Every structure is written in C-alpha cells, then in structure tokens.
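# Structure at a glance
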Amino acid sequence: RTSRRTMQIATALSRARSHVSTSKMLITSRVRGMQFLGTLHVRNYQGRSHDDDKYDRERVKNSKRIVIKVGTAVVFNNVTGQLAVSRIGGLVEQMKALKMQGKQILLISSGAVGLGRGQLKMTNEDTDGSVQGILNKQACAATGQAALLGMYTSMMGSMGMTCAQVLITQHDFVCPERYAKLTDTLERLVELDIIPIINENDVVTGGAASGSDAAFTDNDMLSALVAAGVRADAVAMMTDVDAVFDKPPSEPGASRISVYDKDQVVEIGALSVGGRGGMASKIVSAQTAAAGGVNAVVANGIDLENIYRIFNGDDIGTLFPAADMRPTKLQHWLAHAATSTSMGGSVKVTVSAAKRLAAGMTRMPLQKDEILDVCGVLDPNSPVEILDVVGNVIGRGMVSACMNSPTVDDNTIKGFSNLVKMPGFNIELAADPVADDALQ
C-alpha cells in the first residue's frame, strides 16, 4: 500500500512522499499552498483498485476522532446576509447522531466575517485590503463571531451537547510551544465530550496572512493542520460544490473524482462565494491532512445529509486517503506548519548529505565532515533550515542539543532530533567527489 500512496502534484503543488521514520530521523516533504493559475496537473495514488477505494471509505466510517469544516457558503446565506439557520440546524443534528455513535468531533466554522458584514450593512468593498477595509473586516469578525457562536451554543445546548470557542492566529502554529499547547487543549476538550468550535481570529489578524510565512491562509488549511495536530482519523471539508471535479462543475462534461487514482487534470475555477478558499485550496489542504495520517473528504455541505453519508462510508465527494505512516506532531509541524520565520538558523551540508535526504536514506546520521557551516544561535528545541552547498533550502531539523556557535565542533552532529526533506531539490544539479563513497 505504501507504493500506491505515493503522490505527485506537478505545476502548482509540491511533491508529497510517504513518511519514513527511523530511530535517527524522519524524511518527509511539505505540501504548501501556492497561487493557482490555469490548469492543475495531479498525479496520485497509482495502481488503486475498487477494493482499495472501499477499504479507505471503510476507514473513514470507522473513524473515532473527526474534524468537520464548514465554509462560509454553508453557514451563511449570501442572498439575505444572515445565517443559514436551517443548514446549521441540520449540521448540528448530524453532529448529534455522530456523537451517539461514539465519535469525538471538532468543528471548524467559517462565516463570522460574512455574517458581521451583513449585520453591519457593509459591502465587500467596505472590507477590502485597505487600512480602513481591514479595520472594517475585523469589526465584522467581532460582530459575526458572537452571533455565530451564539447560534451554535443554543442549537447544541438544545440537543444536550456542549461547545467551546477556540479562536486561532498564525502565531499559534508557527511557534512549536504554542502549537503543542493548542493541540493538547483541543484533545483535552474532546476527551471531556466538548465540541470545540474553531475559527481564525480575524478580529486581530484581519485574515490578511499570506505567502510563505503563513501557516494557513484559509480555514481549509486550518482544518488540515488541526486534524493532523489532534491525531484525528478523518476530516470532512464541506463546501458549496459536490466534490473535486476534473473541471469546474458548471462546465459541460465535468466528472467527479471519487478517489485520486491516476493522472488527472483538474481545471481550477473560481473561489467559493464569500470565502477565501477555492478548490485549489481544498486540494492542497486535503493533501496536507492526508500527509498527516488523516483521511480527508471534500464534499457538498449544503446537502444536509452529506456529513452522515461521509462517515457512513458512502462514496460521496472526493476522498484523499491518509498516508499509511502517521508522523508525530513535531514532524508534521516541521513539514507543514513551521514557516521561514520559525527557523532559528541554518545548517549547510555537503552534496552527499543532501543526496541522502533526497533519496530517503535515513539510517545514516549526519557526519561531522558533511556539515559545512552553521548559521545562527541555535538553542535546544530550535528549528533550523538545512541548506545545500549553494544555499537552497532542502530540509528542516529540530535542534536537540545546544549549537550556540557558528563554528562546527564535535558536538554539532548530536544536535538534530528530526530531519525533514523539503521539495524542489534536484540531486542531479551538482557533483560531489565523495558522494559515491558516502552513498554506498
């Protein structure tokens, strides 16, 4: 099954490989969102059979801890500018049914900004990217979040369920200590039979984070990071379309992709109405969740029965099967949530060491003569970037011993508890006279 889990996304997605863990280090790769233009070419899960698909749907059905993400288009009525009360009621009813099956549930809900915009009688232009627009958006978020949580609290309470509000910022993910505290708290809440209702704290961020220094840019990626962080079994990303299609579903001849199986060409359409995430975002996010050992399903949340169908193992939406080998929280954080600003410094290694990372040869630890330079004051538990000989970032690691000097000494090689391979490194670009010997 490991070989058929191998994923490759060309053009707009990074390559993602199955996680390989040893006593010394971990090799993985990072799936990051990018600006999607034109056509997205996807190569996924070679050699799958119908039985494989049934097996993975069964794993979703048997999930114990689940994350449900509902977008703005699901909870917000774009015509009236108010909450879609009937859909939220249907969502809560299905959550109750799932809890009666013994499932632990975390809910990630968008909609605060859209709801607040309607309550404050503002337009999209009033909440643009200008200084005043960002302030208006933050005011909308504050107003809408109160109404949104009030609706959930009332409806869940009437069905004998308890919820808790959790508002998250980028800093809660880019800092490993805060990430650990956040995920530990979420796990404790579900152990106490409480449903966390999670959203980005747009009141203080304005939802403006983007680029390589953002752990997430919308609630699709937030749901993937949360699901992996709390060791969930499955995440349902509910949206306003039925699934991932090979082209925008409004176009003639569009076909639903049940499970990513073989070479696909996915034509990316417009963003979801009222939200920040489009289908490209959901593909990247679902891949991130899958790399973290979480089965991810993208499906239509406007149909009130779909959440139950997903967790009944029905062939609905598009399934991204989980990687067979689940990384630890730290490993997934390094690969997917840590940003360049999280790094405490960098370590430059020889081509032979870089080739070992690229080839997945993890049993041989870094040798002293493979470390060319250490940059930065690297304290214990400090994340670092690993550079090739020309300065390209090829990986990341976590310092487990003090490396507080720019010089390389006998203790340097003891300083890494994990190594994480990054995408985009071509091992054919350079030659190293000791590479052949080092790789024997």
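Please refer to the structure placed before this passage.
Every value quoted in this text rests on a predicted model; they were computed, and no experiment measured them. (Residues numbered from 1 in each chain as written. Predicted model: local features only at pLDDT ≥ 70, side-chain atom pairs only at ≥ 80, totals over all residues. Heavy atoms only, no water.)

### Regarding the overall build of the protein chain
Spelled out, the test is: Going along the chain from the N terminus, every DSSP run of H or I of four or more residues is numbered as a helix, and every run of E of two or more is numbered as a strand. Any residue under 20% of the maximum accessible area for its type is buried, any over 50% is exposed, and the rest in between are partly exposed; the area is computed with a 1.4 Å probe on protein chains only. Accessible surface is estimated by sampling points in the Shrake-Rupley manner with a 1.4 Å probe; for residues, cover comes only from the protein chains shown.
A count of helical and extended segments in the protein chain gives 14 helices and 19 strands. Each of the 440 residues in the protein chain was classed as buried or not, and the buried ones make up 55%. Of the roughly 18100 Å² of accessible surface on the protein chain, 52% is carried by carbon and sulfur atoms.

### Describing empty space enclosed by the protein
The criterion, for reference: Detection works on a 1 Å grid of protein atoms alone, calling trapped sets that fit a 1.4 Å probe cavities and calling open sets with protein on both sides within 12 Å along at least five of seven lines pockets, with lining residues defined by an atom within 4 Å of a point. Grid points are joined across faces, edges and corners, and a volume is the space filled by probe spheres set on the points. The nonpolar class holds Ala, Val, Leu, Ile, Met, Phe, Trp, Tyr, Cys and Pro. Asp, Glu, Lys and Arg form the charged class, and all remaining residues, Gly among them, are polar.
Applying the stated criterion across every chain yields a total of three cavities of 30 Å³ or more. By volume, the largest cavity amounts to about 50 Å³. Lining the largest cavity are Val70, Val74, Arg87, Leu91, Gln94, Met238, Gly301, Asp303, Leu304 and Ile307. Looking at which element gives the most residues to the lining of the largest cavity, the answer is helix H3 (residues 85-100), with three residues. Considered class by class, the residues forming the lining of the largest cavity number six nonpolar, two polar and two charged.

### Observations concerning the side chain of Thr127
This is how it is decided: Between two residues, a contact is recorded if the distance between any of their heavy atoms is within 4.5 Å.
With respect to the helices and strands, the residue Thr127 is situated in the loop between helix H4 (112-119) and helix H5 (131-158). Its relative accessible area of 7% is what places Thr127 among the buried residues. If near-sequence neighbours (up to four positions away) are discounted, Thr127 is found in contact with Arg117, Met122, Gly133, Asn136, Lys137 and Cys140.

### Regarding the nonpolar core
For clarity, the cut-off: Put simply, buried Ala, Val, Leu, Ile, Met, Phe, Trp, Tyr and Cys residues joined by side-chain atoms within 4.5 Å make one nonpolar core.
Ranked by internal contacts, the top residues of the largest apolar core, which has 47 residues, are Ile168, Phe173, Leu186, Ile198, Val226 and Val244. The element contributing the most residues to this core is helix H9 (residues 219-229), with seven residues. With near-sequence residues (within four places) excluded, Val226 lies in contact with Leu106, Ile108, Ile168, Phe173, Leu186 and Ile198. With 36 residues, the next largest nonpolar core counts Ile66, Val74, Val92 and Met95 among its residues.

### A word on unusual backbone geometry
The phi dihedral of Lys121 is positive, around 55°, even though this residue is not glycine. Counting through the fold element by element, Lys121 comes out in the loop between H4 and H5. Overall, the relative accessible area of 72% leaves Lys121 in the exposed class. You will see that Asp193, though not glycine, has its phi angle at about 70°, which is positive.

### Comments concerning the pattern of salt bridges
Stated precisely, the cut-off is as follows: A pair is scored as a salt bridge if a Lys or Arg side-chain nitrogen falls within 4 Å of a carboxyl oxygen belonging to Asp or Glu.
Per the stated rule, a full pass over the model turns up 12 salt bridges. Asp172 is paired through a salt bridge with Arg178; the nearest N and O atoms lie 2.7 Å apart. Here Asp172 falls in the buried class, since its relative accessible area comes to 12%. Two residues, Lys282 and Asp220, come together in a salt bridge whose shortest N-O distance is 3.2 Å. Of the two residues, Lys282 sits in helix H10 (residues 279-291) while Asp220 sits in helix H9, which places them 62 residues apart along the sequence.

### Details of the packing of helix H7 (residues 176-191) against H9
Put simply, the test is: Helix axes are fitted only over the stretch in contact, all axes being lines through C-alpha atoms; the angle between N-to-C directions runs from 0 to 180 degrees. Each angle is binned into one of four classes, with values under 35 degrees roughly parallel, values over 145 roughly antiparallel, values of 65 to 115 roughly perpendicular, and all other values oblique.
H9 packs onto H7 with a crossing angle of 75° between their chain directions and a minimal axis gap of 9 Å. Considering their axes alone, H7 and H9 lie roughly perpendicular with respect to each other. Residue-level inspection shows Tyr179, Thr183, Leu186 and Glu187 of H7 in contact with H9, the latter providing Leu225, Val226 and Gly229. Here the residues of the contact of H7 with H9 are counted per class, giving four nonpolar, two polar and one charged.

### Quick notes on the packing of aromatic side chains
For clarity, the cut-off: Paired rings are identified among Phe, Tyr and Trp, the last through its six-membered ring, by centres lying within 6.5 Å, and are further divided according to the angle between planes into stacked (under 30 degrees), edge-to-face (over 60) and tilted (the rest).
Scanning the entire structure with this criterion turns up one aromatic pair. Ring plane angle 45° and centroid distance 5.7 Å describe the contact between Phe173 and Tyr179, whose orientation is recorded as tilted. Tyr179 gets classed as buried once you look at its relative accessible area, which sits at 3%.

### Considerations on the pairing of strand E11 (residues 234-239)
Counted only if it meets this: When DSSP finds at least two bridges between two strands, those strands are taken to pair.
E11 sits mainly inside the fold: six of its six residues count as buried. A two-sided burial pattern is seen for E11, the buried positions comprising Ala234, Ala236 and Met238 on one face and Val235, Met237 and Thr239 on the other. With five bridges joining them, strand E5 (residues 65-70) and E11 adopt parallel strand pairing. Across the sheet, the residue bridging to Lys69 is Met237, located in E11. Across six bridges, E11 lies against strand E13 (residues 295-300) in parallel orientation. Of the residues in E13, the one forming a bridge with Ala236 is Val297.

### Details of the sheet that holds strand E10 (residues 194-200)
Overall, mixed pairing links the seven strands, which are arranged E9-E10-E8-E5-E11-E13-E14 in an open sheet. Each edge of the open sheet is held by one strand with a lone partner, namely strand E9 (162-168) and strand E14 (318-320). Taken over all neighbouring pairs, the strand axes of this sheet differ in orientation by 20° on average, direction set aside.

### Focus: the pairing of strand E17 (residues 383-387)
With five of its five residues buried, E17 lies for the most part within the structure. Neither face of E17 is open: one carries Pro383, Glu385 and Leu387, the other Val384 and Ile386, and all of them are buried. Where strand E15 (residues 345-349) meets E17, four bridges bridge the pair, whose relative direction is parallel. Each bridged residue has a counterpart across the sheet, and for Ser346 the counterpart in E17 is Glu385. Bridge count between E17 and strand E18 (residues 393-399): five bridges; the pairing is antiparallel. The residue bridging Ile386 from the neighbouring strand is Gly395, located in E18. Linkage of E17 to E18, two consecutive antiparallel strands, is achieved through a turn of five residues, within which Gly391 is found at a positive phi near 95°.

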